[in-house]
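So you can see what is in the structure, the chains are spelled out below.
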Amino acid sequence: MVARSHIVVRYAETDQMGIAHHSNYSIWYEVARTELIKKMGMTYTEIEQQGLIMPLVELYSKYISAAYYEDHLIVQAELKKVTGAKLEIEYVIYRENDETPINVGKTIHALVGRNLKPVNVKKEYPELYQKLISAVEKPLLEDKEK
């Protein structure tokens, strides 16, 4: 499952050269990640109300080319991997009407209780786990053979 969010680079997000500052990319990832979770049929709030939180434990971001003030960007998020206690989400950012990536990234989130201890979502939240597993894109047969 893939979610796409539209972002317009604001003046406050740029540096003196009108280039989007690198710190904004993780915020834009979060926008797309929130949309991805909604597309799965739930919200972050609903997940947290069940007693589960998803802190970020790893962040990777590769800057390919700059985003500029007033650029219209598409931030794409895709759930790539789910284990009992972790999620891995990949991101691609590109300008609207141009599929050439300007940034690619990945976040890994732990699945923990309010006490910050890892939770086996497969066992303790089977309905949520099923939604997550269903959202992971399955590779085509020919991809598996490579």
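Participant: Just checking my understanding: could you explain the nonpolar core for this structure?
Facilitator: Burial of nonpolar side chains together is a common tendency in soluble globular proteins. Trp28 and Leu79 are the most contacted members of the largest nonpolar core, which totals 36 residues. Contributing elements (two or more residues each) for this core: strand E1 (2-8), helix H1 (23-39), helix H2 (44-49), strand E4 (72-82), strand E5 (86-95) and helix H4 (126-135). It is H1 that provides the largest number of residues to this core, a total of six residues.

Participant: Would you mind going over the environment of glycine 51 with me for this structure?
Facilitator: Tracing the sequence through the fold places glycine 51 in the loop between H2 and strand E2 (52-53). A C-alpha to C-alpha distance of 19 Å links glycine 51 and isoleucine 108, two positions 57 residues apart in sequence. If we ignore the near neighbours within four places in the chain, the residues touching glycine 51 are Val112, Gly113, Arg114 and Tyr125.

Participant: What is the right way to read the sheet that holds E5 from this model?
Facilitator: For sheets, the rule is that strands pair by backbone hydrogen bonds, running either parallel or antiparallel. Spatially, the five strands line up as an open sheet ordered E1-E4-E5-E6-E3, and their pairing is antiparallel. Two strands close off the open sheet at either side, each with one partner strand: E1 and strand E3 (56-63). This sheet shows a mean twist of 20 degrees between the axes of neighbouring strands, independent of strand direction. Sheet topology note: the E5/strand E6 (residues 101-110) ladder contains nine bridges and is antiparallel. Of the residues in E6, the one forming a bridge with valine 92 is valine 104. Against the sheet, H1 engages E1, E3, E4, E5 and E6, with an angle of about 135 degrees to E1.

Participant: How should I be thinking about the side chain of serine 5 in this particular structure?
Facilitator: Summarising the element assignment, serine 5 is placed in strand E1. The class of serine 5 is buried, set by a relative accessible area of 7%. Leave out the neighbours within four places in its chain, and serine 5 touches Val31, Ala32, Glu35, Leu73, Ile74 and Val75.

Participant: Help me understand the pattern of salt bridges, please; the structure alone is not making it clear to me.
Facilitator: Between side chains of opposite charge, pairing is possible as soon as their charged atoms come close. Per the counting criterion, the structure on display carries three salt bridges. Notably, a salt bridge pairs arginine 95 with aspartate 71, separated by 3.1 Å at the nearest N-O pair. In this pair, arginine 95 is assigned in strand E5 and aspartate 71 in the loop between E3 and E4, connecting sequence segments 24 residues apart. Where lysine 80 meets glutamate 78, a salt bridge forms, and the shortest distance between an N and an O atom there is 3.6 Å. A relative accessible area of 15% places glutamate 78 in the buried class.

Participant: Just checking my understanding: could you explain unusual backbone geometry for this structure?
Facilitator: Leaving glycine out, the prevailing phi sign among residues is negative, and the prevailing peptide bond configuration is trans. Despite not being glycine, glutamate 70 shows a phi value in the positive range, around 70 degrees. On the secondary structure map, glutamate 70 appears in the loop between E3 and E4. Judged by its relative accessible area of 48%, glutamate 70 falls in the partly exposed class. Residues other than glycine seldom take positive phi values, yet leucine 116 does so here, at roughly 70 degrees. With respect to the helices and strands, the residue leucine 116 is situated in the loop between strand E7 (112-113) and helix H3 (121-124). The class of leucine 116 is exposed, set by a relative accessible area of 57%.

Calculation criteria
Residues numbered from 1 in each chain as written. Predicted model: local features only at pLDDT ≥ 70, side-chain atom pairs only at ≥ 80, totals over all residues. Heavy atoms only, no water. Core = buried A, V, L, I, M, F, W, Y, C linked by side-chain atoms within 4.5 Å. Buried < 20%, exposed > 50% of the residue type's maximum accessible area, 1.4 Å probe, protein only. Helix = DSSP H or I, 4+ residues; strand = E, 2+ residues; numbered from the N terminus. Contact = heavy atoms within 4.5 Å. Pairing = 2+ DSSP bridges. Axes fitted to C-alpha atoms, helices over the stretch in contact; angles between N-to-C directions. Salt bridge = Lys/Arg side-chain N within 4 Å of Asp/Glu carboxyl O.

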